[in-house]
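Listed below, chain by chain, are the residues.
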Amino acid sequence: MNAIRKVSGALAAAGLAAACSGAFAQAQGQASVAPVRKPAPAAPAVAAPWPTKPVRLLIGFPPGSVQDLSARSIAEPLSKVLGQPVIVENKAGASGTIAADQVAKANDLHTFGVMNNSQLTIAKMLNPAIAYDPERDLAPLALIGTTPMVLVVSASVPGNTPSDWLTWLRNQGNKANYGSPGTGTPGHLGMELIKSRSGVDAAHIPYPGNPQLINAMLGGQLQAALLPPGLALQQVKAGKMKVIGVTSERRSVLAPDLPTLRESGVLGADVELWTALAGPASLPPGVRDKLSAAVIEAVKSDETRQRLITVGWQPSPSTSEGLRIRMRSDVKTFGGIIMMRNIRSDS
């Protein structure tokens, strides 16, 4: 019935009431139907004209962060599809919630955000006092890409294998520490999930973003971190970090030579980082549909796919519904570790 209503609504929106009635009758196998009253004109499926000026993509993390890299990878191809410049603006702070709140409050039809798991799913669970509600105030538009994270340790950690390094980290107890790009980010919650499954008890130290925590690891202030492959592999290849494993259930196509955490005996810690486009909930349906389709078209091009892979993202374009499925899954996974560890935004 849902599919029939969608067909009926689409035809009615085009002003074809008689055709709508006939299609409905045919789908139901009825010999005849009652006369259909002509509906009021519906909103167009695509807002016209839109966009009428440059489109802004707000990023809640510093330049060089994984979210920043994904946004800059799609900015140019998205601009070609939309016919307007696409400008990336960094609004770092508060684990990305400052930028997300600005997007939620935007009313110019041209301000959006490239966001991650925490901004679009569990921010409110971590801090009920934040200024926006992800479910109520933000509109998920399109998934851009996904990636597992990589558990890395400092090059100074002794041992020769991932199991050796994990054992060393476990034996340090809370004398060891790990960094994340902010409380409530996937790098934080993912590590807490790993701790609950591995016996590791490293203390958490939040940073403004991944570039800052990488500098801290290289400077000897941190022993471990969860990083996206695009950032971790740079340091691993340079001999400055060691890899314990990736957080995917199977080896990642982004880093097929890296072992999984499962291979080192850590089970039940499978998590993925994703990047997606979102806008304010007040967006008209026509703008939502056009922008969602534009993102999918841009990401499906060979050039954009290669850009995303180069910076550590597996291209995974999907509709807003596909993104909602991801969001619901994350609420379950990350919500569980938040409750188990009693994590709050000031923890």
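Structure: see above.
Residues numbered from 1 in each chain as written. Predicted model: local features only at pLDDT ≥ 70, side-chain atom pairs only at ≥ 80, totals over all residues. Heavy atoms only, no water.

A. The arrangement of the nonpolar core in detail. Grouped together as the largest cluster of nonpolar side chains are 57 residues, with contacts concentrated most on Phe112, Met191 and Leu277. Ranked by residue count, the leading element in this core is helix α3 (residues 66-82), at six residues. Each residue touching Met191, except ones within four places of it in the same chain, is listed here: Leu151, Leu169, Tyr178, Pro186, Val200 and Leu226. (Core = buried A, V, L, I, M, F, W, Y, C linked by side-chain atoms within 4.5 Å. Buried < 20%, exposed > 50% of the residue type's maximum accessible area, 1.4 Å probe, protein only. Helix = DSSP H or I, 4+ residues; strand = E, 2+ residues; numbered from the N terminus. Contact = heavy atoms within 4.5 Å.)

B. Quick peek at the packing of helix α8 (residues 186-198) against helix α13 (residues 320-341). Closest axis-to-axis distance for the α8/α13 pair is 10 Å, and the angle between their directions is 65 degrees. With respect to α13, the axis of α8 lies roughly perpendicular. Seen from above, α8 lies across α13 with left-handed handedness. Residue-level inspection shows Pro186, Leu189, Gly190, Glu192, Leu193, Lys195 and Ser196 of α8 in contact with α13, the latter providing Thr333, Phe334, Ile337, Ile338, Met340 and Arg341. By residue class, the composition of the contact of α8 with α13 is seven nonpolar, three polar and three charged. (Axes fitted to C-alpha atoms, helices over the stretch in contact; angles between N-to-C directions. Parallel < 35°, antiparallel > 145°, perpendicular 65-115°, else oblique. Left-handed = near helix turned anticlockwise from the far one by under 90°. Nonpolar A, V, L, I, M, F, W, Y, C, P; charged D, E, K, R; others polar.)

C. Highlighting the packing of helix α11 (residues 285-300) against helix α12 (residues 302-310). Between α11 and α12, whose axes approach to 5 Å, the crossing angle comes to 80 degrees. It follows from the interaxial angle that α11 and α12 lie roughly perpendicular. Two secondary-structure elements touch here, α11 through Ala298, Val299 and Lys300 and α12 through Asp302, Thr304, Arg305 and Leu308. Looking at side-chain class alone, the contact of α11 with α12 contains three nonpolar, one polar and three charged residues.

D. Local environment of the pattern of salt bridges. With the rule as written, the count across this model stands at 15 salt bridges. Between Lys91 and Glu89 there is a salt bridge, with the nearest N and O atoms lying 4.0 Å from each other. Overall, Lys91 belongs to the partly exposed group, its relative accessible area being 28%. The salt bridge involving Glu192 is made with Arg341; its shortest N-O contact spans 3.4 Å. With Glu192 in helix α8 and Arg341 in helix α13, the pair connects residues that are 149 residues apart, well separated along the chain. Given a relative accessible area of 7%, Glu192 falls into the buried group. Under the relative-accessibility criterion, Arg341 is labelled partly exposed at 33%. Members of the salt-bridge network, linked through shared partners, are Glu76, Lys80, Glu303 and Arg307. (Salt bridge = Lys/Arg side-chain N within 4 Å of Asp/Glu carboxyl O.)

E. Here's a closer look at the environment of Ser301. Secondary-structure assignment places Ser301 in the loop between α11 and α12. By relative accessible area, Ser301 is classed as partly exposed at 27%. For the pair Ser301 and Pro77, spaced 224 residues apart in the sequence, the C-alpha separation amounts to 8.5 Å. At 2.8 Å, the side chain of Ser301 and the side chain of Thr304 are in polar contact. (Polar contact = N/O pair within 3.5 Å; in protein donor to acceptor, adjacent residues only side chain to side chain.)

F. Representation of the sheet that holds strand β8 (residues 224-227). Read from one edge to the other, the open sheet built from five strands follows the order β7-β6-β8-β5-β9, with strand pairing classed as mixed. Every interior strand has two partners, whereas the edge strands, β7 (203-206) and β9 (241-246), have only one. When the angles between neighbouring strand axes are averaged without regard to direction, this sheet yields 30 degrees. Relative to β8, strand β5 (residues 150-154) runs antiparallel, the two being bridged by four bridges. For Val152, the partnering residue across the bridge sits in β8 and is Ala225. Across the sheet, helix α7 (residues 162-171) is in contact with β5, β8 and β9; its angle to β9 comes to roughly 95 degrees. Packed onto the sheet, α8 meets β5, β6 (177-180), β7 and β8 and runs at close to 145 degrees relative to β6. (Pairing = 2+ DSSP bridges.)

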